[in-house]
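# What the coordinates show
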Amino acid sequence: MRTVGNVDELPNEIDVAIIGAGPAGLAAAAAVRPGRTVVLFDENPEPGGQIYRGITSSTPLLQEMLGPDYRRGKELVADFAAADVAYAPRATVWMVSADRELAVSIAGRSRLVTARHVILATGALERPFPIPGWTLPGVMTCGGLQGTLKNAGLVPDGNFVIAGTGPLLWLLAYQLMAAGAKPKAILDTTQTMFRAEVLKSAAPFLASPYLRKGRMLMREVRKAVPVISGVTELVAHGTSGLEAISYRKGRGEMQRIEADSLFLHQGVIPNVNMANALGCEMIWDETQLCWKPKTDAWGRTSIADISIVGDGAGIGGAEVAAASGAMAGLDVSGRLGLISDGERDRLAAAHRDQINLYGKGRRFLDMAFQPHPSFLLPADETLACRCEEVTAGQIRATLRDLGDVGPNQVKSYLRCGMGPCQGRMCGPTVAAIIAAERGLSPEQVGYFRLRFPIKPTTVAEIATMPFEEKDLRAVVRG
Amino acid sequence: MFRRIEVNDRTAVGVVIDGMPFQGQAGDTVAAVLLAAGKRMFRRSAVAGEPRGPFCMMGVCFECLVEIDGVPNRQGCLIPVTEGMRIVTGGRQTEARQ
């Protein structure tokens, strides 16, 4: 593996461009058979993505605290480092066209390169969790806290609360306790397990690797931390920063907890901005309550020679991400003529088995930890769009004014989705509000139409990109 | 609001936060070093000037925007600290560069 430090070091044409250095991207890069140019672009300075953030530089003590699943990242990075690939850290790919032209920005300079194959492994992000006061300093995501622990060995000081639903709450609390930081409380918004859809999917879960791990974590955490279950409402209070949290258990009275920090989590969803802007066919996942690109077992999308793998193709967790990345790496190897179909299928078998093993129990996790609609449909005064400061009430009022419109019309009218995050923090909320108000499914409502650049890029950087005579002739008259 | 969990062998990196020197560690992102320094508010929101701090710590929320070495609106959570780096908080996107 060699490192790319600036855009000039990139060839004009790459055989395989991989975007994202989490488990899926790392496994894809390691699986591509040698003999062609492979470049892995990573927005971060070190490989690992989010789940294995800091794995190449974290101390043994920290790795011990983070647990054995975290240390699995070392094998993935080692295989990647041994592969004949180029690694471009701190590189933002802000455009991928359908004919595989990539716009890459490194150290403030951009350049266009083309790729014969593109594997997108840009992963997931936290499902928006809009509660009153969620924009106060001191309110962060659980994933963000975990990343900070991994990157910098920092833990919250003072009173802090973890709130929401999903396995990450328990893993995070367990890791923080190992690091000497105990949450003041865990406010669990998980709905009752005794719902038909959950119980129906329980049997395969019992056979999955998740069960034993999950039960151990929850038991250890519950011994030391007050856990309030069945939380149906959450409010963050403060003026210049978080000062207190109030919550309601079931239909009870609102209770108040003083706290300096609040960490929210209600699952993760695919980061769809690249797939959406590219024009990939997207499908609505009714179990995971999110949009995801349509992909086959090899990760192929509706666009030729563009694959999407890992959590960005649908939430499956780190092990499934690594296996799906390997599948795409093998698929691309076959299509480049580096291995025969038979060889490809032989090598893919173990990865398919891994995906099937971890697939057992995924439905249970998805159903058990599905957020209650009240946490997806905020009250009127709550901000839905953080960047442009648009409230849920403004969106509802706009629907009354404009009638049967969708997310893109609401966006044009109110600017929600037009801020720098490009809908990552508000897209699902805006669509869910529209769906609820109009009595439609999120599938019928659709999502924002996203466009390149999928990360903000200055005009100066675009204007100073290298260009050829043909590019000039395409736009200059005469 | 945040503390380091251990003394380790990472190199100390000196940065300047709002004019005051602070010792971070090699590998810290700018956002992490600001949290370690006790900063909760990083900037003011573009529309209403409300106090904002980091939220996602992974480059998707754009709340951690701070001025780094004279360049405003940089995502602190994606940028590793370097020796002598000058970090300024409290900016608001709509304000022109000084």
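Check the entry above for the structure.
All of the points below concern the structure found in this document. (Residues numbered from 1 in each chain as written. Chains lettered and ligands numbered in written order. Predicted model: local features only at pLDDT ≥ 70, side-chain atom pairs only at ≥ 80, totals over all residues. Heavy atoms only, no water.)

This paragraph deals with the interface of chain A and chain B. On the chain B side, the residues contacting the 54 residues of chain A number 42 residues. Around 3800 Å² of area is buried between chain A and chain B when both sides are counted, 57% of it from carbon and sulfur atoms. Linking chain A with chain B are two salt bridges. For the salt bridge of Glu 63 of chain B with Arg 386 of chain A, the shortest nitrogen-to-oxygen distance reads 2.7 Å. Between the two partners, chain A and chain B, sit 19 residue pairs in polar contact (both at pLDDT 80 or more). Of all the secondary structure elements, the ones that give two or more residues to the side of chain A that touches chain B are helix H2 (60-66), strand S8 (124-126), strand S9 (139-141), helix H4 (142-152), strand S10 (154-156) and strand S17 (261-266) of chain A. Per-element tally for the side of chain A that touches chain B: the top contributor is H4 of chain A, with six residues. Taken together, the residues that form the side of chain A that touches chain B break down as 26 nonpolar, 18 polar and 10 charged. The pairing of S10 of chain A with strand S1 (residues 2-4) of chain B spans three bridges and is antiparallel. Bridge assignment links Leu 154 of chain A to a residue of S1 of chain B, and that residue is Arg 4 of chain B. (Contact = heavy atoms within 4.5 Å. Buried area = accessible area lost by both parts, 1.4 Å probe. Salt bridge = Lys/Arg side-chain N within 4 Å of Asp/Glu carboxyl O. Polar contact = N/O pair within 3.5 Å; in protein donor to acceptor, adjacent residues only side chain to side chain. Helix = DSSP H or I, 4+ residues; strand = E, 2+ residues; numbered from the N terminus. Nonpolar A, V, L, I, M, F, W, Y, C, P; charged D, E, K, R; others polar. Pairing = 2+ DSSP bridges.)

Residue and element names in this part refer to chain A. The linkage connecting Phe 452 with the following residue, Pro 453, adopts the cis geometry, with an omega of 0 degrees. With respect to the secondary-structure elements, Pro 453 resides in the loop between helix H16 (442-445) and helix H17 (459-463). Phi is positive for Arg 100, which is not a glycine, with a value near 65 degrees. Examined against the element boundaries, Arg 100 turns out to sit in the loop between strand S5 (91-96) and strand S6 (101-106).

What follows is about the pattern of salt bridges. Residues and elements named next belong to chain A. Taken as a whole and assessed by the stated rule, the structure comprises 32 salt bridges over all chains. With a closest N to O distance of 3.0 Å, Asp 8 and Arg 109 form a salt bridge. Placement of Asp 8 in the loop between strand S1 (2-3) and strand S2 (13-19) and of Arg 109 in strand S7 (residues 109-120) is noted, with a sequence separation of 101 residues between them. Arg 109 sits in the partly exposed class, given a relative accessible area of 41%. (Buried < 20%, exposed > 50% of the residue type's maximum accessible area, 1.4 Å probe, protein only.)

Overall, the coordinates contain seven aromatic pairs over all chains when judged by the stated rule. Each ring, one from Trp 134 of chain A and one from Phe 55 of chain B, has its centre 5.5 Å from the other, and the planes form 80 degrees; the classification is edge-to-face. Note that Trp 134 of chain A is positioned in the loop between S8 and S9 and Phe 55 of chain B in the loop between strand S5 (51-52) and strand S6 (65-68), a pairing that runs across two chains. Under the relative-accessibility criterion, Phe 55 of chain B is labelled buried at 4%. Ring geometry for Tyr 447 of chain A against Phe 448 of chain A: centres 5.8 Å apart, planes inclined by 55 degrees, an arrangement best described as tilted. (Phe/Tyr/Trp six-rings, centres within 6.5 Å; stacked < 30°, edge-to-face > 60°.)

Let us look at the sheet that holds S5 of chain B. Residues and elements named next belong to chain B. With mixed pairing, three strands are arranged side by side in an open sheet as S5-S4-S9. The strands lining the two open edges of the sheet, one partner per strand, are S5 and strand S9 (91-92). Both strand S4 (residues 43-44) and S5 contribute to a ladder of two bridges, which runs antiparallel. Bridge pairing in S5 places Arg 43 opposite Arg 52.

A separate point is the nonpolar core. All names here are of chain A. By size, the foremost hydrophobic cluster in this structure holds 91 residues, and its most contacted members are Phe 41, Val 96, Leu 102, Val 104, Leu 187, Leu 234 and Leu 262. Considering each element in turn, this core owes the most residues, five residues, to helix H15 (residues 427-438). Aside from chain neighbours lying at most four places away, what touches Leu 262 is Ile 131, Gly 138, Val 139, Met 140, Val 161, Ala 163, Ala 236, Leu 242 and Ile 245. One finds Ile 186, Leu 217, Val 309 and Ala 318 within the second-largest nonpolar core, a separate group that totals 83 residues. (Core = buried A, V, L, I, M, F, W, Y, C linked by side-chain atoms within 4.5 Å.)

Turning next to the pairing of strand S2 (residues 12-17) of chain B. Residue and element names in this part refer to chain B. Where S2 and strand S3 (residues 20-25) come together, six bridges link them in antiparallel fashion. By the bridge assignment for S3, Val 16 is matched with Pro 21. What sits between S2 and S3 in their antiparallel hairpin is a turn of two residues, with Asp 18 showing a positive phi close to 50 degrees. Two elements, S2 and strand S8 (residues 86-88), share two bridges in a ladder whose sense is parallel. The residue bridging Val 16 from the neighbouring strand is Arg 86, located in S8.

Looking now at helix H1 (residues 23-31) of chain A. Residue and element names in this part refer to chain A. Burial analysis of H1 places eight of its nine residues in the buried class, the great majority of the element. Listed in full, the buried residues belonging to H1 are Pro 23, Ala 24, Gly 25, Leu 26, Ala 27, Ala 28, Ala 29 and Ala 31. Turning to H1, the residues buried within the fold contact S2, strand S3 (38-41), helix H3 (68-82), S7 and helix H10 (318-335).

All right, on to the sheet that holds S8 of chain B then. Residues and elements named next belong to chain B. Pairing within the open sheet is mixed, and its five strands lie in the order S3-S2-S8-S6-S7. Edge positions in the sheet fall to S3 and strand S7 (71-75), since each of these pairs with one other strand and no more. Looking at each pair of strands side by side, their axes are set apart by 40 degrees on average, direction ignored. (Axes fitted to C-alpha atoms, helices over the stretch in contact; angles between N-to-C directions.)

Residues and elements named next belong to chain A. In contact at an axis separation of 10 Å, H4 and helix H5 (residues 167-178) are set at 30 degrees when each is read in the N-to-C sense. Once H4 is placed against H5, the crossing between them reads as left-handed. Facing Cys 142, Gly 143, Leu 145, Gln 146 and Leu 149 of H4, the residues of H5 in contact are Leu 168, Leu 169, Leu 171, Leu 172, Gln 175 and Leu 176. Looking at side-chain class alone, the contact of H4 with H5 contains eight nonpolar, three polar and no charged residues. (Left-handed = near helix turned anticlockwise from the far one by under 90°.)

All names here are of chain A. With respect to the helices, strands and loops of the structure, Thr 391 is situated in strand S23 (residues 390-391). For Thr 391, a relative accessible area of 17% gives the class buried. Along the backbone, Thr 391 and Ala 379 are 12 residues apart, and their C-alpha atoms lie at a distance of 8.6 Å. Beyond its immediate chain neighbours, meaning those up to four positions away, Thr 391 contacts Asp 380, Glu 381, Thr 382, Leu 383 and Ala 384.

Residue and element names in this part refer to chain A. Note on placement: Gln 191 falls in the loop between strand S12 (185-188) and helix H6 (196-200). C-alpha separation for the pair Gln 191 and His 372, spaced 181 residues apart in sequence, amounts to 6.6 Å. With residues up to four places along the chain from it excluded, the contact list for Gln 191 reads Gln 370, Pro 371 and His 372. A polar contact of 2.8 Å, which involves the side chain of Gln 191, links it to the backbone oxygen of Gln 370.

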